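Read off the chains here:
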Amino acid sequence: MALRQDPHVLVVGGSDSSGGAGIARDIETISCIGLRTCVAVTAVTVQTHQSVTAIHHMQPSLVADQMRAALRANKVSAIKIGMLSAGRVIAAVAAVLREHPRIPAVLDPVLASSSGRQLLEPAAIGVLKRDLMPLCRLVTPNLVELAILTGAELAADDEDVLRQGRRLLAAGPRAVLLKGGHAIGARSIDILLSSDQEPVRFDMPRLAGSMRGTGCILASAIAAHLAMAKSLEDSVQGAKQRVFEQLMEVST
């Protein structure tokens, strides 16, 4: 089949019954950019836009088997990773990534839902940093996730953000994108950090209101651009523009 040879993004993450985040948002975003998706479900959640009422976790071996089947079936050019839920699932995903080191992986370190429900076991954070992050082309924490991942207080200013970001970069990912959505001010600034270049800032107007799933959208859009063999900086810039356009549609 011709479709098997089209570039795909493999999405690894949880389902969201409301459609506001998770795999539903990932597929929607990647399709809008013009690429195909294949999936490995890590958890099934029962949620509305206001709360998460139940989470059913997939067995680690099932997650890994889904990934391997998707990789056999399609031409996977990038991998986007979202909700992982447990250390054993993280280890299973990492094992598959090690089998395919040439495929760029983007990790959105989902620690909690927008409503505050914990989505990753606290004991699994160390596994995430030790076993998975070093295998990823990019990790995309917001400021709350950044503080938790580095064991620090929420960053109070740009200097704090950079300090925490460099600490996370030392954990092994090739690059980190520090998302400024939880900061204050008229401008929303994301900072791309990597070991081989100066920080790159992406500065856009901060829109009023809020929208669920923006982290999913951004990480998926970056993965889609990487699948099209874009540079990391160009991928982030294109993805930021995609998120901005979608937020504009919602706010108007």
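Residues numbered from 1 in each chain as written. Predicted model: local features only at pLDDT ≥ 70, side-chain atom pairs only at ≥ 80, totals over all residues. Heavy atoms only, no water.

As a further point, take the overall build of the protein chain. Looking only at helices and strands, one finds 8 helices and 9 strands in the protein chain. Out of the 252 residues in the protein chain, the part that is buried amounts to 53%. If you take every contact in the protein chain between residues at least 6 apart in sequence, the share linking residues at least 24 apart comes to 68%. In the structure as shown, the protein chain presents an accessible area of about 11,400 Å², 53% of it carried by carbon and sulfur atoms. (Helix = DSSP H or I, 4+ residues; strand = E, 2+ residues; numbered from the N terminus. Buried < 20%, exposed > 50% of the residue type's maximum accessible area, 1.4 Å probe, protein only. Contact = heavy atoms within 4.5 Å. Areas by Shrake-Rupley, 256 points an atom, 1.4 Å probe, with all protein chains shown as cover.)

With respect to the secondary-structure elements, Lys-80 resides in strand 4 (residues 75-81). For Lys-80, a relative accessible area of 1% corresponds to the buried category. Engagement of the side chain of Lys-80 in a polar contact is seen with the side chain of Asp-26, the distance being 3.0 Å. (Polar contact = N/O pair within 3.5 Å; in protein donor to acceptor, adjacent residues only side chain to side chain.)

This part covers the confidence of the model for the protein chain. The share of residues in the protein chain with pLDDT of 70 or more is 90%, and the mean pLDDT across the chain is 88. Here helix 8 (residues 232-251) stands out as the least confident element of the protein chain, with mean pLDDT 76; strand 5 (residues 105-107) is the most confident, with 98. (pLDDT = per-residue confidence, 0-100.)

Moving on to the nonpolar core. One finds Ile-81, Leu-84, Val-93 and Leu-132 to be the most contacted residues of the largest nonpolar core, which totals 46 residues. It is helix 3 (residues 87-99) that contributes the most residues to this core, 7 residues altogether. Core analysis: the second largest hydrophobic core is formed by 28 residues, Val-11, Ile-30, Val-106 and Leu-138 among them. (Core = buried A, V, L, I, M, F, W, Y, C linked by side-chain atoms within 4.5 Å.)

Here we take up the environment of Arg-242. Tracing the sequence through the fold places Arg-242 in helix 8. Along the sequence, Arg-242 and Ile-33 sit 209 residues apart, while their C-alpha atoms lie 8.7 Å from each other. Ignoring any residue separated from it by four or fewer positions in sequence, one finds Arg-242 in contact with Cys-32, Ile-33 and Ala-221.

On to a nonpolar patch on the surface, then. A grouping of Val-144, Ile-148 and Leu-154 is seen on the molecular surface, where their side chains present a nonpolar patch of about 240 Å² in accessible area. Among the secondary structure elements, Val-144 is positioned in helix 5 (residues 143-150). (Patch = residues over 30% accessible without salt bridge, like charges linked within 9 Å, V, L, I, M, F, W, Y side chains within 5 Å. Salt bridge = Lys/Arg side-chain N within 4 Å of Asp/Glu carboxyl O.)

Below, the discussion takes up the pattern of salt bridges. Where charged atoms from two side chains of opposite charge approach closely, those side chains can pair. Within the structure shown, the criterion is met by 10 salt bridges. Across the pair Arg-25 and Glu-28 runs a salt bridge, and its minimum N-O distance is 3.0 Å. In this pair, Arg-25 and Glu-28 both sit in helix 1 (residues 22-33), 3 residues apart, roughly one turn of the helix. A relative accessible area of 37% places Glu-28 in the partly exposed class. A salt bridge links Glu-99 to Arg-68, with the nearest nitrogen and oxygen atoms 2.6 Å apart. In this pair, Glu-99 is assigned in helix 3 and Arg-68 in helix 2 (residues 60-73), connecting sequence segments 31 residues apart. Taking the relative accessible area as the measure of exposure, Arg-68 reaches 27% and is therefore partly exposed. By sharing partners, the salt bridges in this structure join Glu-159, Asp-160 and Arg-163 into a single network.

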